[in-house]
Amino acid sequence: MITALIASLAFGATAIGTIGTLGGSSPLIFTIFNILLITTALARRGIWREIGTAFGHIGATWIVCALMIYVTLGALLLPRLFEGQTSAFVASRTGRGVYEAALAPVSANISQTGYFVLAGLTFLAVCVLVQREGTLTGIKRGYFLWFILHVSMGMLDLLGKVAGLGDILAPIRTANYSMLTDVTEAGFFRIAGAFSEASAFGGVSLSGLAFSYTYWTKTGSKFALGLGAVLFGLLLLSTSSTAYVGLTVVSLPVVISIARSLASGRLRSGEALLVTLLMPLLLLATGVILFYPHFLDPVVQLVDTTIINKVTSTSGQERSYWNYKSLQSFFDTAGLGVGLGSSRASSWPIALLSQLGLFGTVIMMVLLAMLMRGLKGSSHVDPQVDAIASSARACALSSLVAGSLASGSPDPGIVFYIPLAVVLVCRRLPVKDNRAVVDAIPRFENPARSGKRRSGSILGARVTSRECPLSWPTE
């Protein structure tokens, strides 16, 4: 179920229907798997003991619960408390797009709060399920399946446009969104994949690239390397400003790491491969510019349009105005915010301040700090556990980078909460050997028959019952 949930994120514009009572809101397909995952977790035997273990050892569970309560109350009360005292940007369902209006309660207060609470409950469910055998393997498979589907639909979208067939993925775009799919930028087709626009596709490509690169550096997986190379190519072809700027930001830690390795004379194999591939590419580009001066003119025009002059474009000015007015609403409400769903911005941090207020922003920053810490401070972490947790963490952080450039909602979604749960469980639960949570635990020997301590073979290591999490039953 958790594999299916993560994989369903590839369908970013596929809705299960339209809810007219919520202003035409169209829940995406992943919400079905989200609800099923939470229901399945609650129905399992021993769930309350495992919930107690999670709340007893992971302080973030209390923080997330407090944040859900605060956000729910804020979405119901703040738009009414400050009604008419500031402005907000409301998404129209009648073709008007996003327009400015006086602050007032809207249907998005309910729908966006529902998404936020669902993501928080998913965090709690994953905290419980990761304690059980096989869950981390399911999470790893879910991420790889997600990005395989993402790559497949991105390539189908691009091939359809190059072949003159138009938007061949239109049948699966059933969400009530403004679809900006069959457009061009500086003569290049914009790749939207299964999303509603190239920006969303580019943001997910960036997250997938971070996941694949991290998993490759941790494990040396050739499959992850190949998947990352394809994602990198699609990201470059997406013509998304969010993807290009986000790639620059995400690449900085990689460049710094390689520079440190070169300075210390301890260049790792993965870093050596990147340096080896980079040099021929630079020489090739230099040769093309020298012998064919105008060959890269379309590329230069694309960079000029999507990055250099983006701020001066109509879209850039509009989004800058959203951010300006959102910050103004933060001060107009004395730092309390306008409530989740009341308005929209064009940057995740600004959306946090304007909608959740100072208190909600501080809580979210605490959770972000926990995620950024990763598995630091943990001892005897199995390499496979470290690879899965670090890759999921890199995916979440890259998603926040993309969201900081273009997201209009303060909700980071399950892309943030699932890695947070994985990292915290692997770091804080009393597990003497983290290998015990990677793969399915084989049947234990009966000590009454064998006369030996119960033990099982996990990833080639012998793990006794004393090495399992406290939440696991002894049988």
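This report concerns the structure included in the present document.

Turning our eyes to something else, we now look at the overall build of the protein. The number of helices and strands found in the protein is 16 helices and 6 strands. Relative to its 475 residues, the protein shows a buried fraction of 49%. Carbon together with sulfur atoms contributes 65% to the accessible area of the protein, which is approximately 22,100 Å² in total.

Time to look at helix α3 (residues 47–57). Among all positions of α3, only I47, E50, I51, T53 and A54 are buried. Taken end-on, α3 shows its buried residues confined to a sector of 160°, consistent with a single buried face. Facing away from the buried side of α3 by more than 90 degrees, the exposed set consists of W48 and G56. Residues of α3 that are buried sit in contact with α2 (30–43), α4 (60–81) and α5 (108–129).

Moving on: empty space enclosed by the protein. Where empty space is left can be seen by rolling a probe of water-molecule size over the atoms. Counted under the stated rule, the structure contains 1 cavity of 30 Å³ or more. Considered as a void within the structure, the largest cavity measures approximately 30 Å³ in volume. Elements with a contribution of two residues or more to the lining of the largest cavity: α4 and α13 (348–373). The leading source of residues in the lining of the largest cavity is α4, at 5 residues.

Next up on the list: the packing of helix α6 (residues 135–162) against helix α7 (residues 198–219). Between α6 and α7, whose axes approach to 10 Å, the crossing angle comes to 135°. Judged by the inter-axis angle, α6 sits oblique to α7. Both α6 and α7 take part in a crossing whose hand is left-handed. For the pair α6 and α7, the contacting residues are K140, Y143, F144, W146, F147, H150 and G154 in the first and F201, V204, S205, S207, G208, F211 and Y215 in the second. For the contact of α6 with α7, the class distribution of residues is 8 nonpolar, 5 polar and 1 charged.

Under the counting rule described, the total for this entry stands at 5 salt bridges. Put simply, D167 and R173 hold a salt bridge, and the shortest N to O gap is 2.8 Å. When sorted by exposure, D167 lands in the same class as R173, which is buried. One connected set of salt bridges, linked through shared partners, spans D157, K161, D167 and R173.

What follows covers the nonpolar core. F123, Y143, W146, L367 and Y417 are the most contacted members of the largest nonpolar core, which totals 85 residues. The leading source of residues in this core is helix α15 (residues 414–428), at 12 residues. Look past the residues within four positions of F123 in its chain and what remains in contact with it is A60, T61, V64, Y417, L420, A421 and L424. Ranked by size, the runner-up nonpolar core spans 7 residues in total, among them L209, L235, Y244 and A402.

Before going further, it helps to examine the environment of V255. Take V255: it is sitting in helix α9 (residues 241–264). What makes V255 exposed here is its relative accessible area of 51%. In sequence terms V255 and E271 are 16 residues apart; their C-alpha atoms lie 9.4 Å from each other.

This part covers the side chain of T31. Within the secondary structure, T31 is located in helix α2. Judged by its relative accessible area of 6%, T31 is buried. Here L28 takes part through its backbone oxygen, which lies 2.6 Å from a polar atom of the side chain of T31. Discounting residues that sit within four places of it in the chain, T31 has contacts with I16, Y115 and L118.

Here we come to the packing of aromatic side chains. Taken as a whole and judged by the stated rule, the model has 18 aromatic pairs. Each ring, one from F144 and one from F211, has its centre 5.3 Å from the other, and the planes form 75°; the classification is edge-to-face. On the criterion of sequence distance, the pair formed by F144 in helix α6 and F211 in helix α7 is long-range, its members being 67 residues apart. Neither F144 nor F211 differs from the other in exposure class; each is buried. Ring pairs connect the aromatic residues Y143, F144, W146, F147, F211, Y215 and F223, which therefore count as one cluster.

Criteria and thresholds
Residues numbered from 1 in each chain as written. Predicted model: local features only at pLDDT ≥ 70, side-chain atom pairs only at ≥ 80, totals over all residues. Heavy atoms only, no water. Helix = DSSP H or I, 4+ residues; strand = E, 2+ residues; numbered from the N terminus. Buried < 20%, exposed > 50% of the residue type's maximum accessible area, 1.4 Å probe, protein only. Areas by Shrake-Rupley, 256 points an atom, 1.4 Å probe, with all protein chains shown as cover. Arc of directions from axis to C-beta. Contact = heavy atoms within 4.5 Å. 1 Å grid on protein atoms, 1.4 Å probe; cavity = no way out; pocket = protein on both sides within 12 Å on 5 of 7 lines; lining within 4 Å. Points joined across faces, edges and corners; volume = space filled by probe spheres on them. Axes fitted to C-alpha atoms, helices over the stretch in contact; angles between N-to-C directions. Parallel < 35°, antiparallel > 145°, perpendicular 65-115°, else oblique. Left-handed = near helix turned anticlockwise from the far one by under 90°. Nonpolar A, V, L, I, M, F, W, Y, C, P; charged D, E, K, R; others polar. Salt bridge = Lys/Arg side-chain N within 4 Å of Asp/Glu carboxyl O. Core = buried A, V, L, I, M, F, W, Y, C linked by side-chain atoms within 4.5 Å. Polar contact = N/O pair within 3.5 Å; in protein donor to acceptor, adjacent residues only side chain to side chain. Phe/Tyr/Trp six-rings, centres within 6.5 Å; stacked < 30°, edge-to-face > 60°.

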